[in-house]
Amino acid sequence: MENIDLKKLPRHIAIIMDGNGRWAKEHFLGRILGHRKGAEAVRVTVRTCREIGIEYLTLYAFSVENWLRPVEEVEGLMKLLGEFLQAELQEMLDNDIRLTTIGDIETLREPLKKLLRKTMEATAHNKGMVLNLALSYGGRDEIIGAVKKILKDSATGKVTSSQMTKELFSSYLQTSHTPDPDLLIRTSGEYRLSNFLLWQAAYTEFYFTDVLWPDFGRKDLFEAITAYQARERRFGLTSEQLRNG
Ligand code: FPP
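Here we summarise the structure given alongside this text. Here the structure is a predicted model, which means the values were calculated and not measured.

**What about the pattern of salt bridges?**
Within the structure shown, the criterion is met by 21 salt bridges. Across the salt bridge formed by E106 and K113, the nearest N and O atoms sit 3.4 Å from each other. Given the relative accessible area of 56%, E106 is considered exposed. We classify K113 as buried; its relative accessible area is 12%. Taking the shortest distance from any N to any O, the salt bridge between K158 and D153 comes out at 3.9 Å. K158 sits in the exposed class, given a relative accessible area of 63%.

**Digging into the environment of A224**
Topologically, A224 is positioned in helix 7 (residues 218-229). Residue class for A224 comes out buried when judged on its relative accessible area of 0%. When the C-alpha positions of A224 and D96 are compared, they lie 24 Å apart, and in sequence the two are 128 residues distant. Apart from the residues within four sequence positions on either side, A224 is in contact with L183, I185 and Y207.

**Quick notes on the site of the ligand**
In the vicinity of the ligand, 18 residues are found, and the nearest of them are M17, G21, R22, R31 and R69. Contacts to the ligand include R22, whose side-chain N or O atom sits 2.7 Å from an oxygen atom. With respect to the ligand, the side chain of R31 contributes an N or O atom lying 2.8 Å from an oxygen atom. Protein chains shield 92% of the accessible area of the ligand, which is 620 Å² for the free molecule. Those elements that provide at least two residues to the shell around the ligand are helix 1 (20-26), helix 2 (31-52) and helix 3 (71-94). The element that contributes the greatest number of residues to the shell around the ligand is helix 2, accounting for four residues. When the residues that make up the shell around the ligand are grouped by side-chain class, the tally is eight nonpolar, six polar and four charged.

About the criteria used
Residues numbered from 1 in each chain as written. Predicted model: local features only at pLDDT ≥ 70, side-chain atom pairs only at ≥ 80, totals over all residues. Heavy atoms only, no water. Salt bridge = Lys/Arg side-chain N within 4 Å of Asp/Glu carboxyl O. Buried < 20%, exposed > 50% of the residue type's maximum accessible area, 1.4 Å probe, protein only. Helix = DSSP H or I, 4+ residues; strand = E, 2+ residues; numbered from the N terminus. Contact = heavy atoms within 4.5 Å. Near = heavy atom within 4 Å. Polar contact = N/O pair within 3.5 Å; in protein donor to acceptor, adjacent residues only side chain to side chain. Areas by Shrake-Rupley, 256 points an atom, 1.4 Å probe, with all protein chains shown as cover. Nonpolar A, V, L, I, M, F, W, Y, C, P; charged D, E, K, R; others polar.

Right, dumping it as structure tokens:
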């Protein structure tokens, strides 16, 4: 933490938590145990982000493509998510954390859906940090969903093509309650966006690490933030423009 400038923190960190399966293999364990250890790393990351003052944390917990994994793995992940919500509710309340989701939550089954609704309701007024879980999430699906809503609003005259701006389009996305991510972390040495926050990551700083998600701890998070803080974000401008602007 000593290296981090608390006045220059990313407002919004997004994480692609990758490598649970490989971690399990390396430890001669089943994949579900890798995810279970991954859920521990989630706890540590949520706690650390809240502690240092991150405002938004978006975690890619389950993608639309993940439905194609073996049934036992999907079931195992759903069970873990339910356990996580139950175990963390009190901590979220104590630490002023609001839980939100992006993704097609309707495709999830009960009792997870109910648990999500309950947790979101119970934490709805918390202001300390937004913990945003991407569940059954796909960036392209999200964009298509926004286009459909816009077409509907256009048919009723609520929106016209001349009104359409990047900001208005963003407001139709499921992330309308968050600013765009400043820092996106992907673990396990993979260098892909994997259909995560496609529109929102236009100017996001990417940080890749070989660390497998279950091994990702405080130190790794601080390293990512330190790397972010060493970068110059130009948003398409020149360095001179930024200095003079
Ligand atoms: C990627 O590892 C990880 C996932 C598909 C699921 C992420 C879920 C968790 C971290 C645990 C539960 C989440 C919460 C919020 C409590 P992988 O299985 O693709 O790993 P591999 O590429 O090494 O096989």
